[in-house]
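Spelled out from the first residue to the last, the chains are:
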Amino acid sequence: MSQKKKGDNLVITSSILAIAQIVVRLIGLFYRVPLMRIVGDEGMGYYSLAYEVYTFLLLISSNGIPLALSLLLSSSLAKGEFRNAQRIFKCTMIFSGVIGGVFAVATFFGATPIAHALFSTTNVAPSLRVIAPTILISAILGVYRGYFQGKNSMVPTALSQVIEQIINAVVSVLAAWLLIRKGAAYGAAGSALGTCTGAFAAMAFCMLIYHIYRPTVRKLMKRDRTGHMMAQNQIYKLIIMTMIPIILSQTVFQLSGILDSSLYSKLLDIRGYTQTVRVEMYGVYNGEYKMLINVPLAISSSIGIALIPMVTRAVTLNQIDDLRVRISSIVRLTMVISIPCCVGLMVLAAPIMQLLFSDYSELPVKLMLLGAPTIALYSLSTVTISILQAIKQMRKPVTNSGIALIIHTVVLIGLLLFTDMNIYALVYGNYVFTFVVCLLNLRDLKKHAGYQMEYKNAVILPTIVSLLMGVVTWISYKAVFAVVHNIIIALVISVILSVAVFAVGVVVFGVLSEEDLYAMPKGNVLVGICKKFHIM
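None of these values were measured; they are calculated from a predicted model. (Residues numbered from 1 in each chain as written. Predicted model: local features only at pLDDT ≥ 70, side-chain atom pairs only at ≥ 80, totals over all residues. Heavy atoms only, no water.)

### Let's talk about a positive patch on the surface
Using the following cut-off: A patch consists of residues exposed above 30% relative accessible area that lack any salt bridge, with like charges linked at up to 9 Å and nonpolar side chains (Val, Leu, Ile, Met, Phe, Trp, Tyr) linked at up to 5 Å. In these tables, accessible area is a Shrake-Rupley quantity obtained with a 1.4 Å probe, and a residue counts as shielded only by the protein chains included in the view. We define a salt bridge as a side-chain nitrogen of Lys or Arg found within 4 Å of a carboxyl oxygen belonging to Asp or Glu. Neither His nor the chain ends contribute to the count of charged residues, in which Lys and Arg are positive and Asp and Glu negative. Charge positions are represented by NZ for Lys, CZ for Arg, CG for Asp and CD for Glu. The way it works is that DSSP assigns letters per residue, a run of H or I at least four long becomes a helix, a run of E at least two long becomes a strand, and they are numbered from the N terminus. Note on classification: 1.4 Å probe, protein chains only; a residue is buried when its accessible area is under 20% of the maximum for its type, exposed when over 50%, partly exposed between these limits.
On the surface, a cluster of positive charge is contributed by Lys90, Arg214, Arg218, Lys219 and Lys222. The dominant element in the positive patch, judged by the number of residues it contributes, is helix H8 (residues 184–223), at four residues. Following the sequence through the fold, lysine 219 ends up in helix H8. Under the relative-accessibility criterion, lysine 219 is labelled exposed at 59%.

Here is the structure:
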């Protein structure tokens, strides 16, 4: 397969998931606006705290399933072992259902003590009870998504994500509106109900797609001539051994979030901050700031998911020559996307917050100005973890993330106890955590894959182009807003201009080569346009 074709596959599969994730995040942004107005900062704070617990419990129970199944299926399919691939799928479904069910029941009945122990308030308990069944639903959903991803078919996963978010948005707003009259805690529980119903709709969709695909599966199994059949106990052992390092690695990342929220609540309580003040600040941090930075982070996550089957196949078939080229392209693509997002969100922080959340206060703008650069660090850490897992260095991300978490925790405790940073301490803690993870992951990629990060093309030049783009964005927004006095029109025009400036800049400065453009969908058209306007 040519380099062009390989790059094209990566870009296309990444693009499918990235587009879906962008749509999902945009839906999330738009439905959060009425939701925030219904439940307020306090209600959003309760929901955010419950969601941190849910994501952590989901992570340690079954969140490693999609990636683990994708890795195992990719390896089996690369060797033509179609029957083993199907047996792995069925065993994973049983395993995930049992584990997810146990955690769902434990969360439902243990909601009150969990809420009191972690957050010193029982107002989070109603949201935890409502969201508990989602752990089982998401466990089963994750198996279907991992199955399709392992077959390098990203469309079912992408569509299921969009369906999940649409149902989530509608039910969250409606349920919150119906329940808020009972208090902020019950309004937050209404939001949690949307999460549960959205996951159920996505699971039903994936089950339907799998049912349609089953005749093809049977045909592939009949074509299997390998003669190698794996025993069930061998499969379960393989699932567990693959899941453990993935879950541990992801757990450390998620533990960082839940540890942040718990330390923030308890240490600021010791410092004399009232519960209402603490929860409202955290509601802005999680419901506005983190919600926005998660939009570009979703793209890097999509790149990581898309690269797993391709890199795993290359390693399985011992195609080592292409490995460094793939890693270089993946890292460069990640940084070319994430760095301009950092600059754009910093420049347009105030109008975006005003438009989406009707929030004219300084807190969300200051959080974005301070924390937007973590987008690049989070993106790089996410992608390098995926690469290490794909080249079968499963323990490295766990060790690296664990070291980063220890350093991050020490720094965060110091900032919360001995400074007046309050909510801003969480942002500084994120810098420490992601920087250490990136540093250690890049060290291991150099050692185990011979990859040396190209700082000029991956960091320096994209940053220069992004800064130029930022200047154009700021000037164009101010100029247009001065004329039309409309935030939406000014934002749309400034964003369009910024994208155009950045696209031209990455070509003029040589960040993307002619070969890189050819690797993209409609690459020949892009190259033709660049040559026509003499920018290449």
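The rest of the description comes next.
### Quick word on the packing of helix H3 (residues 82–109) against helix H6 (residues 133–150)
Where we set the bar: Fitted lines through C-alpha atoms give the axes, limited to the stretch in contact for helices. The angle between two N-to-C directions lies from 0 to 180 degrees. An angle below 35 degrees is read as roughly parallel, one above 145 as roughly antiparallel, one from 65 to 115 as roughly perpendicular, and any other as oblique. The sense of a crossing depends on the near helix, which, turned anticlockwise from the far helix by less than a right angle, makes the crossing left-handed and, turned clockwise, makes it right-handed. The contact definition used throughout considers only heavy atoms, calling two residues in contact when any of these lie within 4.5 Å. Residue polarity follows a fixed list, in which Ala, Val, Leu, Ile, Met, Phe, Trp, Tyr, Cys and Pro are nonpolar, Asp, Glu, Lys and Arg are charged, and the others, Gly among them, are polar.
Between H3 and H6, the least distance of the axes is 7 Å, while the angle of their chain directions is 165 degrees. If you check the angle between H3 and H6, you find them roughly antiparallel. At the point where H3 passes H6, the crossing takes the right-handed sense. Packed against H3, whose contacting residues are Gln86, Phe89, Thr92, Met93, Ser96, Gly97, Gly100, Gly101, Phe103, Ala104 and Thr107, the element H6 presents Pro133, Ile135, Leu136, Ala139, Ile140, Val143, Tyr144 and Tyr147 at the interface. The residue makeup of the contact of H3 with H6, split by class, is twelve nonpolar, seven polar and no charged.

### Description of a nonpolar patch on the surface
There is a patch of nonpolar side chains on the surface, built from Tyr455, Ile460, Ile464, Leu468, Val504, Val508 and Phe509 and spanning about 610 Å² of accessible area. Elements with a contribution of two residues or more to the nonpolar patch: helix H17 (455–484) and helix H18 (487–508). The greatest single-element share of the nonpolar patch, amounting to four residues, is contributed by H17. The residue isoleucine 460 is located in helix H17 in this model. Isoleucine 460 sits in the partly exposed class, given a relative accessible area of 47%.

### Quick word on H8
Note the threshold: Expected helix span is given by 1.5 Å per residue-to-residue step, counting one fewer step than there are residues. A residue's bend is the angle separating two fitted axes: one through the seven residues that end there, the other through the seven that start there.
The end-to-end C-alpha separation of H8 is 58 Å, in line with the 58 Å expected for 40 residues at 1.5 Å each. Taking the largest bend as the criterion, H8 deviates by roughly 45 degrees, centred on tyrosine 213, and proline proline 215 comes between one and four positions later.

### Overview of the pattern of salt bridges
Between side chains of opposite charge, a pair can form when the charged atoms approach closely. For the coordinates displayed, the defined rule picks out five salt bridges. We note a salt bridge from glutamate 164 to arginine 145, for which the minimum N-O separation is 2.9 Å. Of this pair, glutamate 164 sits in helix H7 (residues 155–179) while arginine 145 sits in helix H6, and the two are 19 residues apart along the sequence. We note that glutamate 164, like arginine 145, is buried. Linking arginine 443 and aspartate 444 is a salt bridge whose minimum nitrogen-to-oxygen distance equals 3.3 Å.

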